[in-house]
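# Structural overview
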Amino acid sequence: MQETLLKTSLANAMRQTSMVAPEDYFVVVQQGPHKGVTVHFSDERMHVGRAEWCDISLPEDPRISRHHCEFQVTSQGITVRDLGSSNGIQLSGHRVFHARLEPGDVLQIGDSVLTLQSRKKPTSLKLHSVDPSGRLVGESDSMRSIFSILSRLSKHELPALFSGETGTGKSSMARALHEQSLRAQGPFVHVNCGALSPSLVEAELFGYEKGAFTGASKQHRGYFEQASGGTLFLDEIGELPLALQPKLLDVLERKRVRRLGSDTEIPVDFRLLTATHKNLMQAVKERKFREDLFYRLAVVDVHVPALRDRRDDIPSLVAHLLQGLSPGQPIHVAPDVLKALQSGLWPGNVRQLHNLLQRCLMFLEDDHRLDSTVLQKAQALKDTSKVSVLRVSDANDDSAIVVPPARDEEGNHYSLQERMEWVEREILQQTLDEVGGNPRLLMEELRISKSWMYKRLKQYDIQRSE
């Protein structure tokens, strides 16, 4: 069976860039508050909106959303895509959500009219599948869009909120943005708000003087001070106690902090990045999160897609992850293994894929071949990121890989209902393990009700792991 050689050097392991040669396109604002603005394409994507970081920034048009739409250069030409704007895009009098454009086409966006034009002059643009920091990889359209957004944000000091499921790589994206920014030489302070003790969270953030409270045996610089000159990344910001949220807002507005037990204010200068797996807008509606703080944090909201929604990225991710796990050593990955990985449900996302590959390395032989036997052994290892939702055929069997299994031990086909229940049970068990057996976190992760959760746990006889 032919194998796929995944080299640990990204230059050989994956296609980092591809070149297209479109005409020299540019966009002109023909009508509206910004009439006369002309912007040439300098990258594969061009963002349009009222936000200052957009390539075509139209802040004086009140009917345009902050991040309204984007133009994209493809091998066939230019396309435009609506990004969930309030008033949409009108092309030749019709609302469109995703359309290919020709030179001379007229777009109505808010109160502004834009035209696509061309000089008929060849040029070359890069299609990136690796971000400039080298931390992020992806061939999918959603990931390349994120690379483009991070590139723009690196030139601005705007706060950004990374939202998405647990394990999707929000922390890596925050660090990648820091490393591309003007603050790259400053500190990057990563704080997991969910891991801070409720009784000490204020002291950890603001710092304290010696003797400020019992146990304060020496002076401590808080995270705000530690991040001065660089970037402060508050992970799981949705876990920040409601009582502390106005104090965080005050620090962001005045850029000054006061340690516990001190009367002196200290100036701080940091860029704030945040991340959450929760729906903060819902938390605002439920009065569990301050609305004014939410809008202060989410000046730019970067949604990170789940791994199951970008399966095309998995081969590149495997190469990238193996580079870090086994530097300098090529790993041969069998095609059925890659197919199995792309067929998985991945409730734990990229983190789960990383953990699985890490376990696979334990079972590699001298030929460094990652085949179905190695994968099955790695799956059998019990830990919080078990991947029992993957099913791989025998190394000598070319039959299709199915998720869930199609037949029982006697060769009888499972019914559709049985297969659905099998997948449902696997997701519940795996997610419960990942959240440490905490039912509340299970409900939040899967967005399910308490009654539905306990009914299914009883039905499938799922036990909380220790």
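Numbering of residues starts from 1 in every chain and runs along the sequence as written. Two thresholds apply to this predicted model, a pLDDT of at least 70 for residue-level local features and 80 or more for giving and counting side-chain atom pairs, whereas whole-chain, interface and lining totals are computed over all residues. With hydrogens and water excluded, all non-hydrogen atoms of the structure serve as input to the side-chain values.

## Focus on the environment of Glu44
Working definition: helices are DSSP H or I runs of at least four residues, strands are E runs of at least two. Numbering for both runs from the N terminus. Tracing the backbone shows Glu44 in the loop between strand S4 (38-40) and strand S5 (45-49). Judged by its relative accessible area of 2%, Glu44 is buried. Taking C-alpha positions, Glu44 is 9.4 Å from Ile78, a pair spaced 34 residues apart along the chain. Counting of polar contacts relies on pairs of N or O atoms within 3.5 Å, with two restrictions inside protein: one atom must be capable of donating a hydrogen and the other of accepting it, and residues adjacent in sequence are counted only when both atoms are side-chain atoms. A polar atom in the side chain of Glu44 sits 3.3 Å from the side chain of Arg144. The buried label goes to any residue with under 20% of its type's maximum accessible area, the exposed label to any with over 50%, and the partly exposed label to all in between, with areas taken from a 1.4 Å probe on protein chains only.

## Some details on the pattern of salt bridges
In a structure, side chains of opposite charge can pair up when their charged atoms sit close to one another. Salt bridge, as applied in this entry: a Lys or Arg side-chain nitrogen positioned within 4 Å of an Asp or Glu carboxyl oxygen. For the structure on display, the rule yields 27 salt bridges. Across the pair Asp250 and Arg254 runs a salt bridge, and its minimum N-O distance is 3.1 Å. Residue Asp250 and its partner Arg254 are both found in helix H6 (residues 245-254); the two are separated by 4 residues, about one turn of the helix. What you see here is one network of salt bridges that share partners, running through Glu44, Arg45, Glu70, Arg81, Asp141 and Arg144.

## Observations concerning unusual backbone geometry
What is expected of a backbone is that most residues other than glycine have negative phi and most peptide bonds are trans. Notably, Lys255 is not glycine yet its phi reads approximately 55°, a positive angle. Along the chain, Lys255 turns up in the loop between H6 and strand S20 (256-258). Although it is not a glycine, Asn349 adopts a positive phi angle of roughly 60°. Position of Asn349 among the secondary structure elements: in helix H11 (residues 349-360).

## Points about the sheet that holds strand S7 (residues 69-74)
One open sheet accounts for 5 strands, arranged S6-S5-S7-S8-S11; its pairing is mixed. The open sheet is flanked by strand S6 (56-57) and strand S11 (98-101), the only strands paired with a single partner. Two strands are counted as paired when DSSP detects at least two bridges linking them. Direction of pairing for S7 relative to strand S8 (residues 77-82): antiparallel, over a ladder of 6 bridges. Among the inter-strand pairings, Thr74 is bridged to a residue of S8, identified as Gly77. Strands in contact with helix H2 (residues 141-153) are S5, S7 and S8; relative to S5, the strand with the most contacts, it is inclined by about 70°. Two residues qualify as a contact provided that any one of their heavy atoms is within 4.5 Å of a heavy atom in the partner residue. Each axis is a line fitted through C-alpha atoms, and for a helix only the stretch in contact is used; angles between axes span 0 to 180 degrees, taken between their N-to-C directions.

## A few points about the layout of surface pockets
Approximately 940 Å³ is the volume found for the largest pocket. Using a grid of 1 Å spacing that covers the protein atoms alone, one calls a set of points a cavity when a 1.4 Å probe fits there but cannot get out, and a pocket when the set is open and has protein on both sides within 12 Å along at least five of seven lines; lining residues are those with an atom within 4 Å of a point. Lining the largest pocket are 39 residues; nearest its centre among them are Thr166, Gly167, Thr168, Gly169 and Arg351. Of all the secondary structure elements, the ones that give two or more residues to the lining of the largest pocket are helix H3 (170-180), strand S16 (188-192), helix H9 (314-325), H11, helix H13 (416-434) and helix H14 (439-446). The residue makeup of the lining of the largest pocket, split by class, is 10 nonpolar, 19 polar and 10 charged. Grid points are joined across faces, edges and corners, and a volume is the space filled by probe spheres set on the points. Gly falls in the polar group here, along with every residue not listed as nonpolar (Ala, Val, Leu, Ile, Met, Phe, Trp, Tyr, Cys, Pro) or charged (Asp, Glu, Lys, Arg).

## A closer look at the nonpolar core
Note on soluble globular proteins: their nonpolar side chains tend to be buried together. Here, nonpolar core refers to any group of buried Ala, Val, Leu, Ile, Met, Phe, Trp, Tyr and Cys residues whose side-chain atoms link them within 4.5 Å. In terms of nonpolar packing, the biggest core is built from 32 residues, with Leu205, Phe224, Leu232, Leu234, Ile237, Phe270 and Phe289 touching the most fellow members. Elements with a contribution of two residues or more to this core: S16, helix H4 (201-206), helix H5 (223-226), strand S19 (231-235), H6, helix H7 (280-285) and helix H8 (291-297). In terms of residue count, the dominant contributor to this core is H6 (4 residues). Ignoring any residue separated from it by four or fewer positions in sequence, one finds Phe224 in contact with Leu205, Phe206, Leu232, Leu248, Val251, Val257, Val268 and Phe270. In terms of nonpolar packing, the next biggest core, distinct from the first, is built from 26 residues, Val137, Leu317, Leu341 and Leu370 among them.

## What to know about the sheet that holds strand S15 (residues 160-163)
Ordered in space as S16-S19-S22-S15-S23, the 5 strands form an open sheet in which the pairing is parallel. Where the open sheet ends on each side, the last strands, each with one partner, are S16 and strand S23 (300-303). On average, each strand axis in the sheet is tilted by 20° relative to the strand beside it, whichever way the strands run. Note that S16 and S19 share 5 bridges and pair parallel. Looking across to S19, one finds that His190 is bridged to Phe233. Against the sheet, H2 contacts S15, strand S22 (271-276) and S23, and its axis sits at roughly 150° relative to S23.

## Some thoughts on the packing of aromatic side chains
The criterion for an aromatic pair is that two Phe, Tyr or Trp rings (for Trp, the six-membered ring) have centres within 6.5 Å, with stacked assigned to planes under 30 degrees apart, edge-to-face to planes over 60 apart and tilted to the rest. Applying the stated rule across the entire model yields 7 aromatic pairs. On the basis of an interplanar angle of 25° and a centroid distance of 6.1 Å, the ring pair of Phe188 and Phe233 is categorised as stacked. Of this pair, Phe188 sits in strand S16 while Phe233 sits in strand S19; the two residues are 45 residues apart in sequence, bridging distant segments of the chain. As far as burial versus exposure is concerned, Phe188 and Phe233 are alike and both buried. The ring of Phe270 has Lys255 lying over it, and the distance from NZ or CZ to the ring centre is 4.5 Å. Criterion for a charge above a ring: Lys NZ or Arg CZ within 6 Å of the ring centre, and within 35 degrees of the ring normal.

## Quick word on the pairing of S5
Taking burial as the measure, the 5 residues of S5 include 5 buried ones, the bulk of the element. Alternating residues of S5 divide into Arg45, His47 and Gly49 and Met46 and Val48, and every residue in both groups is buried. Sheet topology places S5 next to S7; 4 bridges connect them, and they run antiparallel. Residue pairing for S7: Arg45 is matched across the bridge by Gln72.

Geometric descriptors of this kind do not, in isolation, establish any biological role.
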